[in-house]
Amino acid sequence: MVDVLTGALAGGIVGFTLGLVGGGGSILAVPLMVYLVGVDDPHVAIGTSALAVAANALIGLTGHARKRNVKWRCAATFATAGVVGAWFGAMLGKAMDGQKLLALFALLMLLVAGLMFRSRGREGDPAVVLNRGNAPRLLGSGAATGLLSGFFGIGGGFLVVPGLIASTGMPILFAVGSSLVAVTAFGLTTAVSYAGSGLVDWTLAAVFIGGGAVGSFFGTRLAARLAGRKGALNLVLAGLIVLVALYMLHRTASELGWI
């Protein structure tokens with residue numbers, strides 16, 4: 001049985017990071033569950049993380065919906081294709097050796113950090129709607145993103161946001177709000193698949209979600225005060241993700257006997 005307080009602390013760290021800088025923070029959930037909380041089975045860490053990320057995304061979605069920052073038809077099209085991809089991705093992830101999966105996860109974290117280092121200052125078209133021109137692009141990018149999300153048990157917001165922008169040309173504010181539809185759907189799909197195989201720790205998920213809600217509250221309040229420094233905060237988070245990824249690669253390489 002994992003320690004409840006440690007699980008709540010890990011959730012608080014993820015929630016605080018998400019509230020402070022947005023996309024990219026939830027990718028810390030799996031390494032925190034494995035290396036801080038002490039979840040022995042990487043597959044349980046991934047399944048539980050997927051459920052927690054979905055819950056946190058749903059909470060965030062309600063706030064963006066109230067502010068009318070969600071392009072529902074575009075988001076639904078992207079998410080529908082992504083759910084199919086997430087289901088197959090979860091099947092592939094469960095079939096892979098846990099330590100090898102963590103090693104690939106660490107490589108993905110390095111990719112996330114690279115994407116976060118890039119500037120995303122594009123204005124976009126706030127009047128964009130679903131049409132015959134962007135529907136195929138939404139379906140294709142949604143399926144690919146869902147596959148990765150299901151495979152690694154992550155929300156995938158760092159991929160969904162640029163995918164929505166590239167597919168439709170919507171502004172980043174709408175892409176962030178709309179992405180939470182997909183993140184919620186992907187996380188739930190992955191969690192259902194893992195739960196069916198007995199790979200979700202429900203107690204840990206509950207305390208992780210609770211800690212995440214508290215952390216998100218404080219992170220969001222601090223973000224409002226540091227709004228002018230968001231670029232610097234993103235760089236700090238990207239650097240942290242790189243360090244955690246390198247640590248994971250070292251640990252998994254040792255477990256697999258590669259070093």
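Predicted model only: the values in this text are computed from it and were never measured.

Scoring rules and cut-offs
Residues numbered from 1 in each chain as written. Predicted model: local features only at pLDDT ≥ 70, side-chain atom pairs only at ≥ 80, totals over all residues. Heavy atoms only, no water. Helix = DSSP H or I, 4+ residues; strand = E, 2+ residues; numbered from the N terminus. Rg over C-alpha atoms; globule rule 2.2 N^0.38 Å. Buried < 20%, exposed > 50% of the residue type's maximum accessible area, 1.4 Å probe, protein only. Contact = heavy atoms within 4.5 Å. Areas by Shrake-Rupley, 256 points an atom, 1.4 Å probe, with all protein chains shown as cover. Lys, Arg positive; Asp, Glu negative; His and termini not counted. Charge placed at Lys NZ, Arg CZ, Asp CG, Glu CD. Expected span 1.5 Å × (residues − 1). Axes fitted to C-alpha atoms, helices over the stretch in contact; angles between N-to-C directions. Parallel < 35°, antiparallel > 145°, perpendicular 65-115°, else oblique. Left-handed = near helix turned anticlockwise from the far one by under 90°. Nonpolar A, V, L, I, M, F, W, Y, C, P; charged D, E, K, R; others polar. Patch = residues over 30% accessible without salt bridge, like charges linked within 9 Å, V, L, I, M, F, W, Y side chains within 5 Å. Salt bridge = Lys/Arg side-chain N within 4 Å of Asp/Glu carboxyl O. Core = buried A, V, L, I, M, F, W, Y, C linked by side-chain atoms within 4.5 Å. Polar contact = N/O pair within 3.5 Å; in protein donor to acceptor, adjacent residues only side chain to side chain.

J.: Help me out: how do you make sense of the overall build of the protein in this one?
T.: Regarding its fold elements, the protein presents 10 helices and 0 strands. Ordered by position from the N terminus, the helices and strands of the protein form the series α-α-α-α-α-α-α-α-α-α. In terms of overall dimensions, the protein is globule-like: its C-alpha atoms have a radius of gyration of 17 Å, near the 18 Å expected for 259 residues. Overall, the protein is about 50 × 40 × 35 Å in size when its C-alpha atoms are taken along their principal axes. Across the 259 residues in the protein, those meeting the buried criterion constitute 53%. Within the protein, contacts between residues at least 6 apart in sequence are counted, and of these 85% link residues at least 24 apart. Put simply, the protein shows about 11700 Å² of open surface, and 67% of that area lies on carbon and sulfur atoms. Across the protein, the 17 positively charged side chains and the 8 negatively charged ones have centroids separated by 18 Å.

J.: Please explain the environment of V39 as it appears in this structure.
T.: Of note, V39 is situated in the loop between helix 2 (29-37) and helix 3 (42-66). The buried category is assigned to V39, whose relative accessible area is 7%. Sequence separation between V39 and L243 is 204 residues, and the spatial gap between their C-alpha atoms is 20 Å.

J.: Before we go on, may I ask you to explain helix 7 (residues 157-168) in this structure?
T.: Note on helix geometry: an α-helix contains 3.6 residues per turn, so any two residues three or four positions apart are oriented the same way. Between its first and last C-alpha, helix 7 extends 16 Å over 12 residues, near the 16 Å set by a 1.5 Å rise per residue. Taken across its 12 residues, helix 7 has 10 buried, putting it largely inside the fold. Where helix 7 is concerned, the buried positions are G157, F158, L159, V160, V161, G163, L164, I165, S167 and T168. Once helix 7 finishes, G169 follows within two positions and takes phi at roughly 80°, a positive value.

J.: Is there a simple way to explain unusual backbone geometry in this structure?
T.: Residues apart from glycine generally show negative phi values, whereas peptide bonds are mostly found in trans. One non-glycine residue, R68, lies in positive phi territory at about 60°. The residue R68 is located in the loop between helix 3 and helix 4 (72-95) in this model.

J.: For this particular structure, what's the right way to read the packing of helix 6 (residues 135-152) against helix 8 (residues 172-196)?
T.: A pair of packed helices is characterised by two quantities: the angle between their axes and the separation of those axes. At a minimum axis distance of 9 Å, the contact between helix 6 and helix 8 shows a crossing angle of 45°. Classified by the interaxial angle, the pair formed by helix 6 and helix 8 is oblique. Helix 6 and helix 8 meet at a crossing whose hand is right-handed. Counted together, G142, T145, G146, S149, G150 and F151 of helix 6 and F186, T190 and Y194 of helix 8 form the full contact between these two elements. Within the contact of helix 6 with helix 8, the residues separate by chemical class into 3 nonpolar, 6 polar and no charged.

J.: Before we go on, may I ask you to explain a nonpolar patch on the surface in this structure?
T.: Side chains of V84, W87, F88, M91, L92, L147 and V192 sit close together on the surface and give an oily, nonpolar patch of about 670 Å² of accessible area. The leading source of residues in the nonpolar patch is helix 4, at 5 residues. Considering the arrangement of structural elements, one finds W87 in helix 4. For W87, a relative accessible area of 37% corresponds to the partly exposed category.

J.: Can you walk me through the nonpolar core in this structure?
T.: Nonpolar side chains in soluble globular proteins generally cluster together in the buried interior. Judged by nonpolar contacts, the single largest core of 44 residues is most densely connected at I27, F105, M109 and I241. Sort the elements by how many residues they give to this core and helix 5 (residues 98-117) lands first, with 8 residues. Listed in part, the 23 residues of the second largest apolar core include A75, V161, M170 and A185.

J.: I'm lost on the side chain of T184 in this one. Help?
T.: As for its position among the elements, T184 is in helix 8. The exposure class of T184 is buried, given its relative accessible area of 9%. Reaching out from T184, the side chain makes a polar contact with the backbone oxygen of L180 at a distance of 2.7 Å. Discounting residues that sit within four places of it in the chain, T184 has contacts with A54, A57 and L58.

J.: Any chance you could explain helix 3 here in plain terms?
T.: Look at helix 3: 36 Å from first C-alpha to last across 25 residues, which is about the 36 Å you get at 1.5 Å a residue. Burial runs high along helix 3: 18 of the 25 residues are buried. Of the residues flanking the start of helix 3, the one acting as N-cap is D41, its side-chain oxygen 2.9 Å from the backbone nitrogen of H43. Remark: R68 follows helix 3 within two positions and exhibits a positive phi of approximately 60°.

This is a description of form; function is not addressed.
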